[in-house]
Amino acid sequence: MAVAPPEPETLAAFEAAKGFMPVREGLALHAAAAQAALLGLPLLEVGTYCGRSTILLADAARAAGTVAVTVDHHRGSEEQQPGWEYHDPTVVDPQVGLMDTLPTFRRTLHAAGLEDHVIAVVGRSPQVARVWAGEVGLVFIDGGHTDEHANGDYEGWAPRVAPGGLLVVHDVFPDPADGGQAPYRVYLRALESGAFTEVSVTDSLRVLRRTAPGI
């Protein structure tokens, strides 16, 4: 089913937000979210960072009358720590000396006018998943990129994807020269489970639909 693209002001807010997702992948994520939102269930993101992709999930949720939920401890993933490639010193809390992306995330949502359409959960993904009882229309896995964290996100949240709902995995790189392999291995695991069927590929973004029980 065809879905409407994000409004120009939403896309502008996405492009202005701090983060790493390219526009092409963002548009594919928005299209997936808009389809999944038709189920009337929450859209859930693992890995908020500063809210760049959350804008697109929230926009799709708003249009469908549902809500986006985004889960993050806001202390940064492994590659965002000091001395690593994706470290940004502007999101370090000077009082505690640790990353804290939560204030930037809140400013991002405010600037986009989407605060009322997002529930931000501050906590570690596996802990939050253990207390989450309901189904969701979409799970977007974009958290830590070690095998431990990527598999933890998959095992915690993939079971929550409703029948016909979507599992979206970011930073899937079949060639190790292009990036880390943990999200790719999670993507393969989902396909090999027989529970998910691939819907689309847009650069490093993979969209899969739940077509059978299990993970």
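As a reminder, the structure under discussion sits directly above these lines.
Just so it is clear, the model here is predicted, and its values are computed rather than measured.

Draft legend 1. Looking closely at the pairing of strand β2 (residues 68–72). Within β2, five of the five residues are buried, which leaves it mostly tucked inside the rest of the structure. Taking every second residue as pointing to the same face, both faces of β2 are buried, with A68, T70 and D72 on one and V69 and V71 on the other. In terms of strand pairing, strand β1 (residues 43–46) meets β2 through four bridges, oriented parallel. By the bridge assignment for β2, E45 is matched with T70. Across five bridges, β2 lies against strand β5 (residues 118–122) in parallel orientation.

Draft legend 2. Structural view of empty space enclosed by the protein. Enumeration over the complete set of coordinates arrives at one cavity of 30 Å³ or more. Approximately 40 Å³ is the volume found for the largest cavity. Together, I141, D142, G143, G144, H145, A150, V169, H170 and P183 line the largest cavity. The residue inventory of the lining of the largest cavity, partitioned by class, reads four nonpolar, four polar and one charged.

Draft legend 3. Inspection of helix α4 (residues 102–112) at higher detail. For α4, the set of buried residues is T104, F105, T108 and L109. Along the long axis of α4, the arc covered by the buried residues comes to 135°, so they all point the same way. Every exposed residue of α4 that faces more than 90 degrees away from the buried side is listed here: R106, R107, H110 and A111. Of the surrounding elements, those touching the buried residues of α4 are α3 (52–64), β2 and β5. Positive phi appears at G113, one or two residues downstream of α4, with a value of about 70°.

Draft legend 4. A look at unusual backbone geometry. Unusually for a residue other than glycine, D171 sits at a positive phi of about 60°. Along the chain, D171 falls in the loop between β7 (161–169) and α7 (182–192). Even without being a glycine, D203 presents a positive backbone phi close to 55°. Along the chain, the position of D203 falls in the loop between β8 (196–202) and β9 (205–210). For D203, a relative accessible area of 43% puts it in the partly exposed group.

Draft legend 5. Structural context of the pattern of salt bridges. Here the structure, examined in full by the defined rule, presents four salt bridges. Its salt-bridge partner being R62, residue D59 comes within 2.8 Å of it at the nearest N-O pair. Here R62 and D59 lie together in helix α3, a separation of three residues that amounts to about one turn. Classification of R62 as partly exposed rests on a relative accessible area of 34%. Here E155 ties to R189 by a salt bridge, and the two come within 2.8 Å at their closest N and O atoms. Of this pair, E155 sits in helix α6 (residues 147–157) while R189 is found in helix α7, placing the two residues 34 residues apart along the sequence. E155 gets classed as partly exposed once you look at its relative accessible area, which sits at 41%.

Draft legend 6. Seen up close, the packing of helix α1 (residues 8–16) against helix α2 (residues 23–37). Two numbers describe how α1 lies on α2: the axes approach to 11 Å, and their chain directions differ by 130°. On the basis of the axis angle, α1 is oblique to α2. Considering the relative orientation of α1 and α2, their crossing is right-handed. Taken together, the residues of α2 that come into contact with α1 (itself represented by L11, F14 and E15) are V23, G26 and L27.

Calculation criteria
- Residues numbered from 1 in each chain as written.
- Predicted model: local features only at pLDDT ≥ 70, side-chain atom pairs only at ≥ 80, totals over all residues.
- Heavy atoms only, no water.
- Buried < 20%, exposed > 50% of the residue type's maximum accessible area, 1.4 Å probe, protein only.
- Helix = DSSP H or I, 4+ residues; strand = E, 2+ residues; numbered from the N terminus.
- Pairing = 2+ DSSP bridges.
- 1 Å grid on protein atoms, 1.4 Å probe; cavity = no way out; pocket = protein on both sides within 12 Å on 5 of 7 lines; lining within 4 Å.
- Points joined across faces, edges and corners; volume = space filled by probe spheres on them.
- Nonpolar A, V, L, I, M, F, W, Y, C, P; charged D, E, K, R; others polar.
- Arc of directions from axis to C-beta.
- Contact = heavy atoms within 4.5 Å.
- Salt bridge = Lys/Arg side-chain N within 4 Å of Asp/Glu carboxyl O.
- Axes fitted to C-alpha atoms, helices over the stretch in contact; angles between N-to-C directions.
- Parallel < 35°, antiparallel > 145°, perpendicular 65-115°, else oblique.
- Left-handed = near helix turned anticlockwise from the far one by under 90°.

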